[in-house]
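Below are the chains, spelled out letter by letter.
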Amino acid sequence: AIWCMKKYCLFFICMILSILKGFSHGEVRGIVSDKTSRAPLEGVFVRILNAENRISYTDKNGRFVFSSLSPGRYMLEFISLGYRSFTDSIEIKEE
């Protein structure tokens, strides 16, 4: 879905870092910010498309986290009013 409330749509960027924890579970953390101003975006809906019931919202600093993820490739979707939706993939590897 594409949501545009202004004359033009802004994209947001996401810096994603995967950190392995323990033997077989990983964590995905990220910060979502406006592409132009780099200001953090609060309230962005973040979900893992290929994992059931894995959703999050960014906090006031634009941060989100998913923990207890098994190794594998995940598709993340980011949705925020006034921005185009954004999809990106991340891979958590076994140690």
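Given the structure is predicted, the values throughout are model-derived calculations rather than measurements.

Caption draft 1: Here's a closer look at the pattern of salt bridges. Scanning the entire structure with this criterion turns up 3 salt bridges. Among the salt bridges present, the one from R47 reaches E77, with a minimum N-O distance of 2.6 Å. One end of the pair, R47, is in strand β3 (residues 45-48); the other, E77, is in strand β6 (residues 72-79), and 30 residues separate them in sequence. You can call R47 partly exposed: its relative accessible area is 33%. The exposure class of E77 is buried, given its relative accessible area of 11%.

Caption draft 2: The nonpolar core, seen in detail. Ranked by size, the top nonpolar core spans 15 residues in total, and within it V28, F64, F66, L69, L76 and F78 carry the most contacts. Taken together, the elements giving at least two residues each to this core come down to β2 (25-34), β3, β5 (63-69), β6 and β7 (86-92).

Caption draft 3: Fine view of the sheet that holds strand β4 (residues 55-57). As summarised here, the arrangement of the 4 strands in space is β4-β3-β6-β7, forming an open sheet in which the pairing is antiparallel. Edge positions in the sheet fall to β4 and β7, since each has one partner strand and no second. The sheet shows a mean angle of 25° between the axes of neighbouring strands, direction not considered.

Caption draft 4: Seen up close, the pairing of β6. One ladder, built from 4 bridges, connects β3 with β6; its direction is antiparallel. Looking at the pairing, V46 lines up with F78 of β6. In the sheet, β6 pairs with β7 via 7 bridges, with the strands oriented antiparallel. Bridging from a neighbouring strand, G72 pairs with I92 of β7.

Caption draft 5: Just the packing of aromatic side chains, in detail. Counted by the stated rule, this structure contains 4 aromatic pairs. Look at F64 and F78: their rings are 5.7 Å apart centre to centre, the planes differ by 70°, and that puts the pair in the edge-to-face class. Residue F64 is found in strand β5, and its partner F78 is found in strand β6; the two are separated by 14 residues along the sequence. In this structure F64 comes out as buried when scored by relative accessible area, which is 4%. Residue F78 is classed as buried on the basis of its relative accessible area of 0%. Members of the aromatic cluster, joined through ring pairs, are F64, F66, F78 and F86.

Thresholds applied
- Residues numbered from 1 in each chain as written.
- Predicted model: local features only at pLDDT ≥ 70, side-chain atom pairs only at ≥ 80, totals over all residues.
- Heavy atoms only, no water.
- Salt bridge = Lys/Arg side-chain N within 4 Å of Asp/Glu carboxyl O.
- Helix = DSSP H or I, 4+ residues; strand = E, 2+ residues; numbered from the N terminus.
- Buried < 20%, exposed > 50% of the residue type's maximum accessible area, 1.4 Å probe, protein only.
- Core = buried A, V, L, I, M, F, W, Y, C linked by side-chain atoms within 4.5 Å.
- Pairing = 2+ DSSP bridges.
- Axes fitted to C-alpha atoms, helices over the stretch in contact; angles between N-to-C directions.
- Phe/Tyr/Trp six-rings, centres within 6.5 Å; stacked < 30°, edge-to-face > 60°.

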